[in-house]
Amino acid sequence: MTDIVVVGGGVIGLTAAAELLARGHRVEVWTRDDVRDTVSAVAAAVWYPYLAEPRERVDAWAKETHARLVELAAAPGSGVSLLPLVELFATATPSLTFLPPGVAVTRRDPRPFGAGYGAAIELAVPLCDTTVYLPWLRDLVVARGGAIVRRELADFEPAFAAASVVVNCTGLGARELCGDGSLVPVRGQVLCVDAIELPHGLIDDTDPAQPIYVLPRGGDVVLGGTAQRGVEDRDADPAATGAIRVACERHFPALAHTAIRGVKVGLRPFRPAVRLEVDPGSERPLIHDYGHGGSGFTLAWGCAVEVANLVDAFE
């Protein structure tokens, strides 16, 4: 049994903590923010690999996470559901290697969705309602015997004074904490509007500058979005709000009659490759798990398993 401090209380840190606790380790999560104020709370949180590299590792983590989330969709109160989703592609022959084996995919005619689409598929994917799932995940950590500590770090020394292993899940905060200049913020803005009946959700990433997604949750619909690389402004942009509404209403005209409940902005932590490794320059066991871009919820359980395997290898 190892004493571990997980630094960072977003979806990556909480999931890593939950997996480590399930293996019998003693775990504290040190977090600057309440889970409701993390970047994870802004995420659309649909299972879909996005803005994360390298593809081979990402696909493996995503498939493991998919299996876990499908299980959780059957767990009352988890906030996870299976959402019928249509994805649109520019090419007529999109690669679907990121999908787990056995996922049912229906090819659809792309023409009704507008000009410029080469293919459309429909499938069911896990969707995490962040307003429910993140508190549920926090409570799971506590129920398994973990502790949540509100604390901000300038370096890892206090964490090593409290534990023999430290797991760094600080997302964009690793720029300062680790001096990682490869981390780049990718600004994402989303709208939450009144819930309405929709036949399916939708993802359209054919324009890298404006990813379009419409994701109905239990009490609202999440509309997105933006992908502004290198932009650190956390204030809502009225022009982006208007562009998001126009893009989403083009696919679902009924959205024009919905009221906006809130506008949220988050900075996705992107780097050329997700950093999941034992720090080779640290004299003490320091595991990094950050840089997941727009795929935190999609990769969290797969990465948590790898983190736990690395911890177990120290014993």
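I will try to describe carefully the structure that is included in this document. (Residues numbered from 1 in each chain as written. Predicted model: local features only at pLDDT ≥ 70, side-chain atom pairs only at ≥ 80, totals over all residues. Heavy atoms only, no water.)

1. Examining the overall build of the chain
- Of regular secondary structure, the chain possesses 7 helices and 14 strands.
- Its C-alpha atoms give the chain a radius of gyration of 19 Å, near enough to 20 Å, the size a compact globule of 315 residues would have.
- A principal-axis box enclosing the C-alpha atoms of the chain has dimensions of 60 × 40 × 35 Å.
- With 315 residues in all, the chain has 54% of them scored as buried.
- A fraction of 75% describes how many contacts in the chain between residues 6 or more apart in sequence connect residues 24 or more apart.
- Looking at the chain as shown, the accessible area adds up to about 13,000 Å², and 53% of this sits on carbon and sulfur atoms. (Helix = DSSP H or I, 4+ residues; strand = E, 2+ residues; numbered from the N terminus. Rg over C-alpha atoms; globule rule 2.2 N^0.38 Å. Buried < 20%, exposed > 50% of the residue type's maximum accessible area, 1.4 Å probe, protein only. Contact = heavy atoms within 4.5 Å. Areas by Shrake-Rupley, 256 points an atom, 1.4 Å probe, with all protein chains shown as cover.)

2. A closer look at the pairing of strand E8 (residues 184-194)
- For E8, a buried count of 9 out of 11 residues is recorded, marking the element as mostly surrounded by other parts of the structure.
- Pairing geometry for E8 and strand E13 (residues 260-278), over 10 bridges, is antiparallel. Bridge pairing in E13 places glutamine 189 opposite valine 265.
- Note: E8 against strand E12 (residues 228-229), 2 bridges, orientation antiparallel. By the bridge assignment for E12, arginine 187 is matched with glutamine 228. (Pairing = 2+ DSSP bridges.)

3. Describing helix H1 (residues 11-22)
- Taking 1.5 Å of rise per residue, 12 residues should cover 16 Å, and H1 covers 16 Å from first to last C-alpha, within 8% of that figure.
- Buried residues dominate H1, accounting for 11 of its 12 residues.
- Three or more residues of H1 are buried, namely Val11, Ile12, Gly13, Leu14, Thr15, Ala16, Ala17, Ala18, Glu19, Leu20 and Leu21.
- Downstream of H1 by one or two residues, glycine 24 has phi in the positive range, about 95°. (Expected span 1.5 Å × (residues − 1).)

4. Here's the deal with empty space enclosed by the protein
- Using the criterion set out here, one finds 1 cavity of 30 Å³ or more in the structure.
- The calculated volume of the largest cavity comes to roughly 40 Å³.
- For the largest cavity, the full set of lining residues is Trp47, Tyr48, Leu85, Glu87, Phe98, Leu99, Ile121, Leu123 and Val125.
- Ranked by residue count, the leading element in the lining of the largest cavity is strand E5 (residues 119-128), at 3 residues.
- Looking at side-chain class alone, the lining of the largest cavity contains 8 nonpolar, no polar and 1 charged residues. (1 Å grid on protein atoms, 1.4 Å probe; cavity = no way out; pocket = protein on both sides within 12 Å on 5 of 7 lines; lining within 4 Å. Points joined across faces, edges and corners; volume = space filled by probe spheres on them. Nonpolar A, V, L, I, M, F, W, Y, C, P; charged D, E, K, R; others polar.)

5. Some remarks on the side chain of serine 78
- Note that serine 78 resides in the loop between helix H2 (55-73) and strand E3 (80-89).
- Polar contacts involving the side chain of serine 78 include one to the main-chain carbonyl oxygen of leucine 72, which spans 2.8 Å.
- Dropping the residues within four chain positions of it, serine 78 is found in contact with Leu72, Val132, Tyr133 and Trp136. (Polar contact = N/O pair within 3.5 Å; in protein donor to acceptor, adjacent residues only side chain to side chain.)

6. Quick notes on the packing of H1 against helix H7 (residues 296-314)
- Where H1 meets H7, the closest approach of the two axes is 8 Å, and the angle between their N-to-C directions is 45°. Judged on the interaxial angle alone, H7 and H1 are oblique. With respect to the hand of their crossing, H1 and H7 are arranged in right-handed fashion. Contacts between H1 and H7 involve Val11, Ile12, Thr15, Ala16, Ala18, Glu19 and Leu20 on the former and, on the latter, Gly296, Phe297, Ala300, Trp301, Ala304, Val305, Val307, Ala308 and Val311. (Axes fitted to C-alpha atoms, helices over the stretch in contact; angles between N-to-C directions. Parallel < 35°, antiparallel > 145°, perpendicular 65-115°, else oblique. Left-handed = near helix turned anticlockwise from the far one by under 90°.)

7. Overview of unusual backbone geometry
- For the peptide bond that leads from glutamate 53 to proline 54, omega is -5°, which places it in the cis range.
- Of note, proline 54 is situated in the loop between strand E2 (26-31) and H2.
- Residues other than glycine seldom take positive phi values, yet alanine 45 does so here, at roughly 60°.
- Secondary-structure assignment places alanine 45 in the loop between E2 and H2.
- Take alanine 45: its relative accessible area is 6%, and that puts it in the buried class.

8. With respect to the nonpolar core
- Core analysis: the biggest nonpolar cluster contains 70 residues, and Val6, Leu20, Tyr133, Val167 and Leu215 have the highest contact counts within it.
- Element by element, the count of residues in this core is highest for H7, at 9 residues.
- Excluding its chain neighbours within four sequence positions, the residues that come into contact with leucine 20 are Ile4, Val6, His25, Val27, Val167, Val307, Ala308 and Val311. (Core = buried A, V, L, I, M, F, W, Y, C linked by side-chain atoms within 4.5 Å.)

Function-wise, these values are silent; they only describe arrangement.
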